[in-house]
Amino acid sequence: MNQVEIRFSALLSNEAFARTAIAAFCAQLNPSMEELVEIKTLVSEAVSNAIIHGYKMDGSRDVYVNANITNKMVEIVVQDYGVGIEDIELAMQPNFSSLKNKEHSGMGFTIMQTLADDLQIRSVYGLGTKVIIKKKLMPVELEEVM
Ligand SMILES: Nc1ncnc2c1ncn2[C@@H]1O[C@H](COP(=O)(O)OP(=O)(O)O)[C@@H](O)[C@H]1O
Ligand SMILES: [Mg+2]
């Protein structure tokens, strides 16, 4: 197994770092541009949730992102030790947001479910949330002949 882990302050200004770092790690699998955009979107949605919802933008807290590659599959784990999710099923409903406004459309989990090959949410209310994203990557050469 080949893995990396990053840890950063729960500030939205670090979200671009997180998505770019994980995309750069995945580049060794020679993903297509489309797959790279999808990976960035997955990381972006999960990390922004950890910062905004989990930690309420408390920059003294840390978000952890681990990525590991096995064969042509990447697994990305985004972990916070923030407020946790009381009702995961409700939180995953399209359009559900506890912060409903223009910027929080409540579509984050729906987008993640669409882009990931497998998505798991583990959360303990009051303790934190772990989002486990699995995505298969097809090398560009292979994609071209198929
Ligand atoms: N890491 C997290 N910690 C606590 N609550 C979360 C976390 N991630 C998601 N949630 C809850 O799930 C809801 C739905 O998340 P999401 O689909 O991304 O929509 P949005 O971020 O637009 O509210 C959030 O409004 C929030 O209540
Ligand atoms: Mg969200």
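Note: the structure precedes this text.
Residues numbered from 1 in each chain as written. Chains lettered and ligands numbered in written order. Predicted model: local features only at pLDDT ≥ 70, side-chain atom pairs only at ≥ 80, totals over all residues. Heavy atoms only, no water.

Considering the pairing of strand β3 (residues 73-80)
For a regular strand, side-chain orientation follows a simple rule: the groups alternate between the two sheet faces. Using the following cut-off: Only protein chains enter the accessibility calculation, which uses a 1.4 Å probe; a residue is then buried when its area is under 20% of its type maximum, exposed when over 50%, and partly exposed in between. Helix and strand assignments follow DSSP, with helices taken as H or I runs no shorter than four residues and strands as E runs no shorter than two, numbered in order from the N terminus. By definition, two strands form a pair when at least two bridges between them are found by DSSP.
With six of eight residues buried, β3 is to be regarded as a mostly interior element. Across seven bridges, the pairing between strand β2 (residues 62-70) and β3 is antiparallel. Each bridged residue has a counterpart across the sheet, and for I69 the counterpart in β3 is V74. Taken together, β2 and the strand that follows it, β3, pair antiparallel across an intervening segment of two residues, in which N71 is found at a positive phi of about 55°.

Comments concerning the site of ligand 1
Using the following cut-off: Here a residue counts as near a molecule or strand whenever at least one of its heavy atoms sits within 4 Å of it. N or O atoms closer than or at 3.5 Å make up a polar contact, with two conditions inside protein: a donor-capable atom paired with an acceptor-capable one, and, for residues adjacent in sequence, both atoms drawn from side chains. We get accessible surface area from the Shrake-Rupley algorithm with a probe of 1.4 Å; when it comes to residues, only the shown protein chains can shield them.
The environment of ligand 1 is formed by 19 residues, the closest being H53, D80, S97, S98 and G106. Here N49 contributes a side-chain N or O atom positioned 2.9 Å from an oxygen atom of ligand 1. Expressed as a share of its isolated accessible area of 530 Å², the protein-covered part of ligand 1 is 93%. Of all the secondary-structure elements, those providing two or more residues to the shell around ligand 1 are α2 (33-54) and α4 (108-115). For the shell around ligand 1, the element with the most residues is α2, which contributes four residues.

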